[in-house]
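Given next are the chains, with one letter for each unit.
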Amino acid sequence: MKATKFQQDVWKLISKIPKGKVTTYKELARALNTKAYRAVGSAVGKNPYAPIVPCHRVINSSGLIGNYSADGGVKKKIELLQSEGVKIKDNKIDLKKYIYYFDK
């Protein structure tokens, strides 16, 4: 698969999310100056470099874990986040505590 420039831009941004933090699809779109939330979600889901490019750190704006396309699925996403110190309760993350905003 040949990645598009948009996908590469999404993956580059994801690489900036520090361990122990999460961001949202909406925040990724904002940082890319687009409202193409679904395209952002699609690019995240097609990330071939997981977990090196940590797409497991991207969650829904409501704080819900969301999906994980890499091997192991959502269970693996939860394991990775917990191993980085992110607390998850009822498949939800406290965004006030763990959100990462890209330079505004």
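Each chain has its residues counted from 1, following the order in which its sequence is written. Side-chain atom pairs in this predicted model are given and counted only at pLDDT of 80 or more, local residue features only at pLDDT of at least 70, and totals for whole chains, interfaces and linings cover all residues. Heavy atoms throughout the structure, all of them, feed into the side-chain values; hydrogens and water do not.

### Let's talk about the nonpolar core
Judged by nonpolar contacts, the single largest core of 18 residues is most densely connected at Val10, Trp11, Ile14, Leu28, Val40, Val44 and Val58. Helix and strand definitions here come from DSSP, where helices need a minimum of 4 consecutive H or I residues and strands a minimum of 2 consecutive E residues; each element is numbered from the N-terminal end. Those elements giving two or more residues to this core turn out to be α1 (5-14), α2 (25-31) and α3 (37-45). Tallying contributions element by element places α1 first for this core, with 4 residues. Excluding its chain neighbours within four sequence positions, the residues that come into contact with valine 10 are Leu32, Val40, Ala43 and Val44. Buried Ala, Val, Leu, Ile, Met, Phe, Trp, Tyr and Cys residues form a nonpolar core when they are joined through side-chain atoms within 4.5 Å. Buried, partly exposed and exposed residues are distinguished by accessible area as a fraction of the type maximum, computed with a 1.4 Å probe on protein chains only: under 20%, between the cut-offs, and over 50%, respectively. With 11 residues, the next largest nonpolar core counts Ile59, Ile88, Tyr98 and Ile99 among its residues. It only takes one pair of heavy atoms within 4.5 Å for two residues to be counted as in contact.

### Digging into the side chain of glutamate 84
Within the secondary structure layout, glutamate 84 lies in the loop between α4 (73-83) and α5 (95-98). Here a polar contact is taken to be a pair of N or O atoms separated by no more than 3.5 Å, where protein atoms must pair a possible hydrogen donor with a possible acceptor and residues adjacent in sequence count only if both atoms sit in side chains. One polar contact links glutamate 84 to arginine 57, side chain to side chain, over a distance of 2.7 Å. Setting aside its immediate chain neighbours within four residues, glutamate 84 contacts Lys19, Gly20, His56 and Arg57.

### Some words on α1
Taken as a whole, α1 has its buried residues at Gln7, Val10, Trp11, Leu13 and Ile14. Projection of α1 onto a plane perpendicular to its axis shows the buried side chains occupying an angular sector of 160°, all on one side. Facing away from the buried side of α1, by more than 90 degrees, are the exposed residues Lys5 and Lys12. Tucked inside the fold, the buried residues of α1 contact α2, α3 and β2 (58-59). The arc in question is the one spanned by the directions pointing from the helix axis to the C-beta atoms.

### Here we look at the pattern of salt bridges
By salt bridge we mean one thing: a side-chain nitrogen of Lys or Arg within 4 Å of a carboxyl oxygen of Asp or Glu. All told, the structure shown has 3 salt bridges when counted by the stated rule. Here lysine 5 makes a salt bridge to aspartate 9, at a shortest N to O gap of 2.9 Å. With lysine 5 and aspartate 9 both in helix α1 and 4 residues apart, the pair spans about one turn of that helix. Looking at lysine 5, the relative accessible area reads 58%, which means it is exposed. Classification of aspartate 9 as partly exposed rests on a relative accessible area of 23%. Residue glutamate 27 pairs with arginine 30 through a salt bridge whose shortest N-O separation is 2.6 Å.

### Section: unusual backbone geometry
Note the cis peptide between alanine 50 and proline 51, where omega equals -5°. Its location among the elements puts proline 51 in the loop between α3 and β2. A positive phi angle, close to 60°, is found at asparagine 33, a residue other than glycine. With respect to the element layout, asparagine 33 can be found in the loop between α2 and α3. Under the relative-accessibility criterion, asparagine 33 is labelled exposed at 74%.

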